[in-house]
Amino acid sequence: MREVVASSAVGVGFGFALSRIGFSQWDEVHRMFLFKDLRLTLAFGAAVVLLAAAWPLLRRLSRVPPAWPARPVHPGTLAGGLVFGAGWALSGACPSIALVQLGEGQLAAVYTLAGIFMGNVLYAKVHERWFRWSPGSCMDD
Amino acid sequence: MTPWAWWASGVALALVPLVNWVVLGRMLAVSGRYTALVDRFRSPPQGPEMSQAELIAAVRAATAAEFGEAAVATEAPVVQPSSAPAPRTSLSSIVFLASLALGGALSAALAGTAPSGLSLRSEAFPRIFGEAHWVTPVVLVVGGVLVGFGTRMASGCTSGHGLCGVSRAQPGSLLATCAFFAGGVALSFLLEAL
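Residues numbered from 1 in each chain as written. Chains lettered and ligands numbered in written order. Predicted model: local features only at pLDDT ≥ 70, side-chain atom pairs only at ≥ 80, totals over all residues. Heavy atoms only, no water.

Turning our eyes to something else, we now look at the overall build of chain A. Along the backbone of chain A there are six helices and zero strands. Secondary structure elements of chain A, listed N to C terminal, follow the sequence α-α-α-α-α-α. Seen along its three principal axes, the alpha-carbon backbone of chain A occupies a region of about 45 × 40 × 35 Å. For chain A, buried positions account for 58% of its 141 residues. (Helix = DSSP H or I, 4+ residues; strand = E, 2+ residues; numbered from the N terminus. Buried < 20%, exposed > 50% of the residue type's maximum accessible area, 1.4 Å probe, protein only.)

Have a look at this one:
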């Protein structure tokens with residue numbers, strides 16, 4: 001129950017923030033990728049810098065060390081990243097954004113959402129059939 | 001609706017993973033929520049899940065049945081549970097994904113933004129892809145498939161790799177995030193050139 005309530009609180013906050021930042025606007029994302037508007041890129045960079053400063057602090061403060069999953073490079077990292085980037089530029093959505101768009105009333109995001117689930121299932125099948133590497137524990141977090 | 005300034009956006013994007021870490025004890029990773037749901041749907045769990053205490057009791061009973069009570073007379077040392085977070089439930093993943101939509105709805109409602117129906121709120125999209133009615137579904141489904149396929153293949157997306165992994169200098173996340181942007185930049189310039 002606690003997990004569900006906490007997930008819900010984080011989700012609503014994240015969805016609201018992504019909407020107000022403008023990450024859910026196809027045109028904003030398009031301008032980011034064309035380097036025509038650096039606002040989203042700067043926001044992302046600022047967040048990474050703030051997080052890099054905050055993690056060690058939080059780690060020292062917390063009694064139980066929370067999960068700190070390693071994210072190693074594997075054979076799917078580069079190719080998968082490029083494929084996702086292309087999909088992001090086409091649909092204007094990363095996995096959380098499709099849902100934010102839907103909530104905002106940009107109902108065409110149902111197509112993106114359906115596509116994300118199809119792509120996820122498709123990769124699972126492709127991986128089982130042809131690939132022999134382990135994607136690591138990253139799937140879990 | 002005027003979007004937040006870059007610095008305020010940066011603070012917000014940093015706060016979400018931090019709060020997530022404090023209240024859930026794990027890294028924020030949205031594509032992982034999709035994967036958790038997909039895997040649950042593809043292979044439903046067999047039988048009821050056991051707690052550690054139930055498992056120990058069951059093993060104990062089976063040992064006694066096979067080798068007699070003497071075999072379990074001495075108490076086994078109690079194993080301390082690890083501090084790893086409990087496995088995510090499907091319910092919490094569904095609730096998390098639905099809450100993202102709720103957050104978007106809240107933002108739109110407070111700003112008084114009208115729904116855009118079965119299209120995206122965009123000027124560039126129809127300019128690039130044309131106005132034929134089949135264009136939006138086709139482009140978005142194809143884009144969505146690439147997003148789902150690519151994030152699962154790379155084991156993460158903009159939140160897990162981009163925010164949480166890069167800020168912890170994880171090698172896989174640094175490479176993946178460079179690839180996200182390289183793929184996005186390449187395709188966007190291609191769209192403009194066509």
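Next comes the rest of the write-up.
Moving on, we get to the pattern of salt bridges. Scanning all chains against the criterion turns up six salt bridges over all chains. Here Arg152(B) makes a salt bridge to Asp39(B), at a shortest N to O gap of 3.0 Å. Here Asp39(B) lies in helix α2 (residues 30-42) and Arg152(B) lies in helix α6 (residues 135-153), a separation of 113 residues in the sequence. Overall, the relative accessible area of 8% leaves Arg152(B) in the buried class. Bridged by salt links that share partners, the residues Glu28(A), Arg31(A) and Arg39(A) form one connected network. (Salt bridge = Lys/Arg side-chain N within 4 Å of Asp/Glu carboxyl O.)

The subject of this paragraph is the interface of chain B and chain A. In this assembly, 115 residues from chain B lie in contact with 106 residues from chain A. Counting the surface lost from both chain B and chain A, the interface buries some 10100 Å², and carbon and sulfur atoms represent 75% of this. Sorting the residues of chain B by area buried against chain A places Trp21(B), Tyr34(B) and Met153(B) first, and these three jointly supply 8% of that buried surface. Seen at the junction of chain B and chain A, the total is two salt bridges. One salt bridge in this structure joins Arg42(B) and Glu128(A), with 3.1 Å as the shortest N-O distance. Of all elements in the fold, only α1 (6-24), α2, α4 (90-111), α5 (124-129), α6, α7 (158-165) and α8 (171-193) of chain B reach the threshold of two or more residues within the side of chain B that touches chain A. By residue class, the composition of the side of chain B that touches chain A is 69 nonpolar, 37 polar and nine charged. (Contact = heavy atoms within 4.5 Å. Buried area = accessible area lost by both parts, 1.4 Å probe. Nonpolar A, V, L, I, M, F, W, Y, C, P; charged D, E, K, R; others polar.)

For the rest of this paragraph, the subject is empty space enclosed by the protein. Any empty space left between atoms is shown by rolling a water-sized probe over those atoms. In the structure shown here, the tally under the stated rule is three cavities of 30 Å³ or more. Estimated volume of the largest cavity: approximately 110 Å³. As for the largest cavity, its lining consists of Phe14(A), Leu18(A), Phe23(A), Phe44(A), Trp88(A), Cys94(A), Ser96(A), Leu13(B), Cys157(B), Thr158(B), Ser159(B) and Leu163(B). Secondary-structure elements contributing two or more residues to the lining of the largest cavity are α1 (2-21) of chain A together with α7 of chain B. (1 Å grid on protein atoms, 1.4 Å probe; cavity = no way out; pocket = protein on both sides within 12 Å on 5 of 7 lines; lining within 4 Å. Points joined across faces, edges and corners; volume = space filled by probe spheres on them.)

A few words on the nonpolar core. Phe23(A), Trp88(A) and Leu13(B) are the most contacted members of the largest nonpolar core, which has 65 residues in total. The element that contributes the greatest number of residues to this core is helix α3 (residues 39-61) of chain A, accounting for nine residues. Counting residues in each nonpolar core, the second largest holds five residues, with Val126(A), Trp133(A), Phe149(B) and Met153(B) among its members. (Core = buried A, V, L, I, M, F, W, Y, C linked by side-chain atoms within 4.5 Å.)

Another aspect to go through is the side chain of Thr112(A). Checked against the element boundaries, Thr112(A) lands in helix α6 (residues 109-130). Accessibility expressed as a relative area gives 0% for Thr112(A), which makes it buried.

Residues and elements named next belong to chain B. The contact between α7 and α8 brings their axes to 9 Å, and the two run at 115°. Handedness of the α7/α8 crossing: left-handed. Contacts from Thr158, Gly160, His161, Gly162 and Gly165 in α7 reach Gly172, Ser173, Ala176, Thr177 and Phe180 in α8. Tallied by class, residues from the contact of α7 with α8 come to two nonpolar, eight polar and no charged. (Axes fitted to C-alpha atoms, helices over the stretch in contact; angles between N-to-C directions. Left-handed = near helix turned anticlockwise from the far one by under 90°.)

Residues and elements named next belong to chain A. Interhelical geometry of α1 versus helix α5 (residues 95-104) gives an angle of 80° and a closest axis separation of 10 Å. Classified by the angle their axes make, α1 and α5 are roughly perpendicular. Facing α1, whose interface residues are Phe14, Gly15, Leu18 and Ser19, α5 presents Ser96, Ile97, Val100 and Glu104. Looking at the contact of α1 with α5 residue by residue, the class counts come to four nonpolar, three polar and one charged. (Parallel < 35°, antiparallel > 145°, perpendicular 65-115°, else oblique.)

What follows deals with α2(B). Owing to its 3.6 residues per turn, the α-helix aligns residues three or four sequence positions apart on the same side. Relative to the 18 Å expected for 13 residues at 1.5 Å per residue, α2(B) spans 19 Å between its end C-alpha atoms, a close match to the ideal helical length. Taken together, the buried positions of α2(B) are Val30(B), Ser31(B), Gly32(B), Arg33(B), Tyr34(B), Thr35(B), Leu37(B) and Val38(B). (Expected span 1.5 Å × (residues − 1).)

Turning our attention to the packing of aromatic side chains. The full count for this structure, using the stated rule, is 17 aromatic pairs over all chains. Pairwise contacts between aromatic rings join Phe33(A), Phe44(A), Phe84(A), Trp88(A), Phe180(B) and Phe181(B) into one cluster. The ring of Trp68(A) has Arg168(B) sitting right over it, with the charged end atom 4.8 Å from the ring centre. (Phe/Tyr/Trp six-rings, centres within 6.5 Å; stacked < 30°, edge-to-face > 60°. Lys NZ or Arg CZ within 6 Å of the ring centre and 35° of its normal.)

Before going further, it helps to examine the confidence of the model for chain B. Residue and element names in this part refer to chain B. Per-residue confidence for chain B averages 88 on the pLDDT scale, and 89% of its residues sit at or above 70. Per-element averaging of pLDDT across chain B places helix α3 (residues 52-67) at the bottom with 82 and α6 at the top with 97. Overall fold confidence for the complex sits at a pTM of 0.86, while the interface term, ipTM, reaches 0.93. (pLDDT = per-residue confidence, 0-100.)

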